[in-house]
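Residue strings, one per chain:
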Amino acid sequence: MAPQRRSRGSLARDIQAVLAAGAGPMTPAQVRDALGGELAYTTVMTVLTRLHAKGEVTRRQEGRGYAYTAPAHPAEVTAQRMQRLLDADDDRAGVLVRFVGTLKAADEHLLRSLLDPPGPESRRDGEATDGAADPSDGPEPDGER
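A brief look at the structure comes next. (Residues numbered from 1 in each chain as written. Predicted model: local features only at pLDDT ≥ 70, side-chain atom pairs only at ≥ 80, totals over all residues. Heavy atoms only, no water.)

## Remarks on the environment of Pro-74
Cut-off, in case you're wondering: Here a helix means four or more residues in a row that DSSP labels H or I, a strand means two or more in a row labelled E, and each is numbered from the N terminus.
Within the secondary structure, Pro-74 sits in helix H4 (residues 74-87). Sequence separation between Pro-74 and Glu-56 is 18 residues, and the spatial gap between their C-alpha atoms is 8.9 Å.

## A look at helix H1 (residues 10-21)
What counts here: Take the residue count of a helix, subtract one, and multiply by 1.5 Å to get its expected span. Only protein chains enter the area calculation, which uses a 1.4 Å probe; residues under 20% of their type maximum are buried, those over 50% are exposed, and those in between are partly exposed. In what follows, residue pairs with any heavy atoms lying within 4.5 Å of each other are defined as contacts.
The first and last C-alpha atoms of H1 sit 16 Å apart over 12 residues, in line with the 16 Å expected at 1.5 Å per residue. For H1, the full list of buried residues reads Ser-10, Leu-11, Ala-12, Ile-15, Val-18 and Leu-19. In the core, the buried residues of H1 are packed alongside helix H2 (28-34), helix H3 (41-53) and strand E2 (65-69).

## As for the pairing of strand E1 (residues 58-62)
Stated precisely, the cut-off is as follows: Whether two strands pair depends on DSSP finding at least two bridges between them.
Two elements, E1 and E2, share 5 bridges in a ladder whose sense is antiparallel. Bridging from a neighbouring strand, Thr-58 pairs with Thr-69 of E2. The antiparallel pairing of E1 with E2 creates a hairpin that spans 2 residues between the two strands, and Gly-63 there sits at a positive phi of about 65 degrees.

## Brief notes about the side chain of Glu-108
What counts is decided by this rule: N or O atoms within 3.5 Å of each other form a polar contact, as long as, within protein, one can give a hydrogen and the other can take it, and as long as residues adjacent in sequence are counted only when both atoms are side-chain atoms.
Along the chain, Glu-108 turns up in helix H6 (residues 105-115). Among the residues examined, Glu-108 registers a relative accessible area of 12% and is labelled buried. Among the polar contacts listed, one links the side chain of Glu-108 to the side chain of Arg-112, at a separation of 2.7 Å.

## Regarding the nonpolar core
Note the threshold: We call a set of buried residues a nonpolar core when its members are Ala, Val, Leu, Ile, Met, Phe, Trp, Tyr or Cys and they connect through side-chain atoms within 4.5 Å of each other.
In this structure, Ile-15, Leu-19, Val-31, Val-47, Leu-48 and Leu-51 are the most contacted members of the largest nonpolar core, which totals 14 residues. At the level of elements, H1 and H3 are the ones that each hand at least two residues to this core. If you tally residues by element for this core, the top one is H1, at 5 residues.

Structure (structure tokens):
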């Protein structure tokens with residue numbers, strides 16, 4: 001009987017789960033063994049290399065090879081992906097405006113609260129305490145949102 005083919009991305013997810021459950025950095029051989037030892041070493045190594053290239057795992061030199069580690073938090077992977085996409089486009093402002101334009105109201109509110117935390121130094125009205133504009137504030141939003 002022929003072995004069943006994995007669904008797209010399932011091996012990468014399994015490898016990431018093994019790394020996340022690991023007590024520390026793992027070599028491709030250790031990852032392969034944790035997965036049951038049935039995969040070719042080169043298959044595991046290739047997936048780990050691809051995950052590293054995408055910023056989804058980190059690695060450090062260990063002997064002649066590498067030991068891999070899962071990021072501390074899954075949100076870190078998503079943030080790295082978003083940063084790579086933003087870095088890939090010359091029109092950063094355009095990308096950010098369009099991104100914010102696609103957010104649900106609750107997500108936009110959350111983003112605004114993260115960018116402008118409440119506090120005594122926070123000026124929500126956009127004016128300095130003496131009534132003069134603060135040059136560090138930059139141009140006023142154009143109200144497209």
